[in-house]
Amino acid sequence: MKIVITENKRYQLAYKILDDILGGLTREDYDANLYMDSVFSNHQVLLQDDNLNLKLRYSEKEDRIVVYRDFWEPLRLFSFSDEELERVIHWWIKDRINLEADSIFLVGYRQ
């Protein structure tokens, strides 16, 4: 049986999966320069599961978001290209977590 999913529906389903993943994570915000003699902020955000496994890390200083494989792996179901996957996750992070960075890195092996 073959199921046809429209492009718009594919993105909606990806957002739903990411929302479900986010529900099981803990967010930790902190300033990495708080303990150093620096006037510059380095706001960081970590998203971790209950076992303290890091799933996503944002660094204001580096202006990037690092997304670990456990976070993006479920989206492989939708056969996104690397660029599409990065774009979907970047939009979702901007929309749901209110973080925006110039670059996003998906960490982990992809085939």
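Per chain, the residues get numbers from 1 upward, laid out in the order the sequence is written. Two thresholds apply to this predicted model, a pLDDT of at least 70 for residue-level local features and 80 or more for giving and counting side-chain atom pairs, whereas whole-chain, interface and lining totals are computed over all residues. Hydrogens and water are ignored here; the side-chain numbers use all heavy atoms of the structure.

Asks: What is the right way to read the side chain of Arg 57 from this model?
Replies: Starting at the N terminus, helices and strands are each numbered in turn, a helix being any DSSP run of H or I of at least four residues and a strand any DSSP run of E of at least two. Mapped onto the secondary structure, Arg 57 falls in strand E3 (residues 54-59). Since its relative accessible area comes to 17%, Arg 57 is described here as buried. Every residue pair with non-hydrogen atoms within 4.5 Å of one another is taken to be in contact. With sequence-adjacent residues up to four places away left out, Arg 57 is seen in contact with Gln 44, Val 45, Leu 46, Glu 62, Arg 64, Ile 65, Val 66 and Tyr 68. Only protein chains enter the area calculation, which uses a 1.4 Å probe; residues under 20% of their type maximum are buried, those over 50% are exposed, and those in between are partly exposed.

Asks: How should I be thinking about the environment of Lys 61 in this particular structure?
Replies: Take Lys 61: it is sitting in the loop between E3 and strand E4 (64-68). Through-space distance from the C-alpha of Lys 61 to that of Ser 41 is 7.5 Å; in sequence the pair is 20 residues apart.

Asks: Which parts of the structure should I look at to understand the packing of helix H1 (residues 7-23) against helix H3 (residues 82-97)?
Replies: When two helices pack together, their arrangement is given by the angle between their axes and by how far apart the axes lie. Axis geometry follows a simple rule: fit a line to the C-alpha atoms, using only the stretch in contact for helices, then measure angles between N-to-C directions, giving values from 0 to 180 degrees. Where H1 meets H3, the axes come as close as 10 Å, and the angle between the chain directions of the two elements is 55°. Judged on the interaxial angle alone, H3 and H1 are oblique. The two elements H1 and H3 meet at a crossing, and its hand is right-handed. Between H1, through Glu 7, Arg 10, Tyr 11, Ala 14, Tyr 15, Leu 18, Asp 19 and Leu 22, and H3, the contact on the second element is made entirely by Glu 84, Arg 87, Val 88, Ile 89, Trp 91, Trp 92, Asp 95, Arg 96 and Ile 97. Any angle from 65 to 115 degrees is called roughly perpendicular, while one under 35 is roughly parallel, one over 145 is roughly antiparallel, and all others are oblique. A clockwise turn of the near helix away from the far one marks a right-handed crossing, whereas an anticlockwise turn of less than a right angle marks a left-handed crossing.

Asks: Sorry if this is basic, but what is going on with the nonpolar core here?
Replies: Across soluble globular proteins, nonpolar side chains show a tendency to be buried alongside one another. In plain words, nonpolar cores are sets of buried Ala, Val, Leu, Ile, Met, Phe, Trp, Tyr and Cys residues tied together by side-chain atoms within 4.5 Å. Residues Ile 65, Val 67, Leu 75, Phe 80, Ile 89 and Ile 93 are the most contacted members of the largest nonpolar core, which totals 26 residues. Among the secondary structure elements, those contributing two or more residues to this core are H1, strand E2 (43-48), E3, E4, helix H2 (69-72), H3 and strand E5 (103-107). At 6 residues, H3 tops the list of elements feeding residues into this core. In this structure Ile 93 touches Leu 56, Ile 65, Val 67, Asn 98, Leu 99 and Ile 104, once residues within four positions along its chain are discounted.

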